[in-house]
Amino acid sequence: MLKFHRQIGMTLKGSLVQKIGNAIKEVARNKGSTWWYTPHMAAASRAITERIPLVDILLEVRDARIPLSSACELIKHHSPSSRRIIILNKTDLANHIQLKEWLKYFEQQKCLVFGVNSHNKDNINELLNFLRARVRELPKMDHGDQTIALMLVGIPNVGKSALANALHQIGRISAVEKGRLKHAIVSPHPGETKNISGLKIASHPSIYVLDTPGVFPAEILDAEVCSNLALTGAIRDCLVGEMDLAEYFLSMFNLSDEYKKWAKFSLSGADDCSELERRQKRQYLTDHTQDFIVNRARRTLFEAVSSFNGNLRDEEIMSQLIKAEFAVLRDAFNLPPDSDDGVRKVAAKLLNLYRTGRLGHYTLDLVPSNN
């Protein structure tokens, strides 16, 4: 049934994919754009390319939600080997069943691959042990006093800096190092890392990881890749518009089974508290990230989808459902009904909850068929 839903629901999703893709490609065609392939990104691409032959292991970081769409074109022609490892980051945001399928797929392609959540210390420790094992397999590992360089590469906002910091924190060897920790800058906005920096993650042998700026190719031709990059936050929202991205998410969400998990959430509870009680509980109606607001949004979406009887194969009917969802989410997020930018605020809050995993776990790229 789910497969059937995916097939019939492509009409509206397809329209949005083309709209988002065309918007991004138009920006890419503008060579003077400050949001796309900037002179800074071009310089970073050259610097990374020059360093690739000099490092011992290349760590290509991808977004586990879009394992193909987030591939780094810069290293596309570097054949899989023991010197290149694919790191699927943000596994906590991906569909767990499809994640296993993707890991199996890459292994079948003879690629070294590791799935990681950079905010999970145990997971980072497992990755560090995995990397140490790969370092021991390097041909030149004859002496214990060597320095090994790993380099993180990837598109913007796949979590390279967060991963570098996490490896550095877990890999600290002595208490002496704690007083002079160096961090890579982490930002929720894509394209914030400006320079290549090195962080120590292990000793005996000394292993350093190089954090690099995220780089895109000068042009992306596939509209669906553009849409997936935009929805997951790899591309700045201002290039597309939060409304279109929120509609794209809802066109996917409405055909998933995620909402069925939320039947248990009640619309009452925190809503019935007095203002004083909310303050004592540190609950604020303006903060959409608090659990009681998130649960209210979940329940609101559950009721909207489960009570809808229209045929979602029809683009217009799907659009009607999404319009109704925006209306009820405005109330769920406690936005005033007469607010001029209420719809945009709903879109922004919805995207934030999706991107932080509060509205379910989704993998946008399908594993290629063996046929």
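Here the structure is shown first, and the text comes after it.
The text that follows walks through the structure, step by step, so that each part is easy to find. (Residues numbered from 1 in each chain as written. Predicted model: local features only at pLDDT ≥ 70, side-chain atom pairs only at ≥ 80, totals over all residues. Heavy atoms only, no water.)

1. Thoughts on the overall build of the protein
Each helix and strand counted, the protein has 12 helices and six strands in total. Counting every position in the protein, which comprises 371 residues, the buried fraction comes to 51%. Within the protein, residue pairs in contact and separated by at least 24 positions form 73% of the contacts whose partners lie at least 6 positions apart. Per element, the accessible surface of the protein, about 18,400 Å² overall, is 51% carbon and sulfur. (Helix = DSSP H or I, 4+ residues; strand = E, 2+ residues; numbered from the N terminus. Buried < 20%, exposed > 50% of the residue type's maximum accessible area, 1.4 Å probe, protein only. Contact = heavy atoms within 4.5 Å. Areas by Shrake-Rupley, 256 points an atom, 1.4 Å probe, with all protein chains shown as cover.)

2. Thoughts on the side chain of serine 256
Assignment of secondary structure puts serine 256 in the loop between helix H8 (242-253) and helix H9 (275-280). Overall, the relative accessible area of 13% leaves serine 256 in the buried class. Reaching out from serine 256, the side chain makes a polar contact with the backbone oxygen of phenylalanine 253 at a distance of 2.8 Å. (Polar contact = N/O pair within 3.5 Å; in protein donor to acceptor, adjacent residues only side chain to side chain.)

3. Here we look at the pairing of strand E4 (residues 147-153)
In terms of residue burial, E4 counts as a mostly covered element, since six of its seven residues are buried. Summarising the sheet, strand E1 (residues 57-63) and E4 pair through four bridges and their orientation is parallel. Opposite glutamate 60, over in E4, you have valine 153 as the bridge partner. Summarising the sheet, E4 and strand E6 (residues 206-211) pair through five bridges and their orientation is parallel. (Pairing = 2+ DSSP bridges.)

4. Here's the deal with helix H4 (residues 96-108)
Over its 13 residues, H4 runs 19 Å from end to end, which matches the ideal 18 Å to within 8%, given 1.5 Å per residue. Turning to H4, its buried residues are Gln98, Leu99, Trp102, Tyr105 and Phe106. For H4, the angular spread of the buried residues around the axis is 120°, confining them to a single face. Relative to its buried face, H4 has exposed residues pointing more than 90 degrees away, namely Ile97, Lys100 and Lys104. The distance from a side-chain oxygen at the start of H4 to the backbone nitrogen of isoleucine 97 is 3.1 Å, and the residue carrying that oxygen is asparagine 95. Note on H4: the residue one or two positions beyond its end, lysine 110, has a positive phi of about 65°. (Expected span 1.5 Å × (residues − 1). Arc of directions from axis to C-beta.)

5. Some details on the packing of helix H5 (residues 121-136) against helix H6 (residues 160-170)
Contact geometry for H5 and H6: axes closest at 9 Å, N-to-C directions at 85°. One way to sum up the angle between H5 and H6 is to call them roughly perpendicular. Between H5 and H6, the residues in contact are Lys121, Ile124, Asn125, Leu127, Leu128 and Leu131 and Leu163, Ala166, Leu167 and Ile170, respectively. Residues belonging to the contact of H5 with H6 are distributed by class as follows: eight nonpolar, one polar and one charged. (Axes fitted to C-alpha atoms, helices over the stretch in contact; angles between N-to-C directions. Parallel < 35°, antiparallel > 145°, perpendicular 65-115°, else oblique. Nonpolar A, V, L, I, M, F, W, Y, C, P; charged D, E, K, R; others polar.)

6. Focus on helix H10 (residues 291-306)
With 16 residues, H10 extends 22 Å from end C-alpha to end C-alpha; this agrees with the ideal 22 Å at 1.5 Å per step. Among the 16 residues in H10, 12 count as buried, and that is most of the element. Every buried residue belonging to H10 is among Phe292, Ile293, Val294, Arg296, Ala297, Arg298, Arg299, Thr300, Leu301, Phe302, Ala304 and Val305, and all of these are buried.

7. Some points on the packing of H8 against helix H12 (residues 342-355)
Between H8 and H12, the shortest axis-to-axis distance is 9 Å and the interhelical angle comes to 55°. Here H8 is positioned oblique relative to H12, judged by the angle of their axes. The hand of the H8/H12 crossing is left-handed. In contact with Glu242, Met243, Leu245, Ala246, Phe249, Leu250 and Met252 of H8, H12 contributes Val343, Arg344, Ala347, Ala348, Leu350, Leu351, Tyr354 and Arg355. (Left-handed = near helix turned anticlockwise from the far one by under 90°.)

8. Topic: the environment of leucine 301
Residue placement: leucine 301 occurs in helix H10. The exposure class assigned to leucine 301 is buried, which follows from its relative accessible area of 0%. Apart from residues lying up to four places away in sequence, leucine 301 is in contact with Leu250, Phe253, Trp262, Glu325, Leu329 and Leu359.

9. Some details on the sheet that holds strand E5 (residues 197-202)
The six strands are arranged E3-E2-E1-E4-E6-E5 in an open sheet whose pairing can be described as mixed. Whereas interior strands pair on both sides, the edge strands pair on one side only; in this sheet they are strand E3 (112-116) and E5. Each strand axis lies, on average, 25° off the axis of its neighbour in the sheet, ignoring direction.

None of this, on its own, says anything about what the molecule does.
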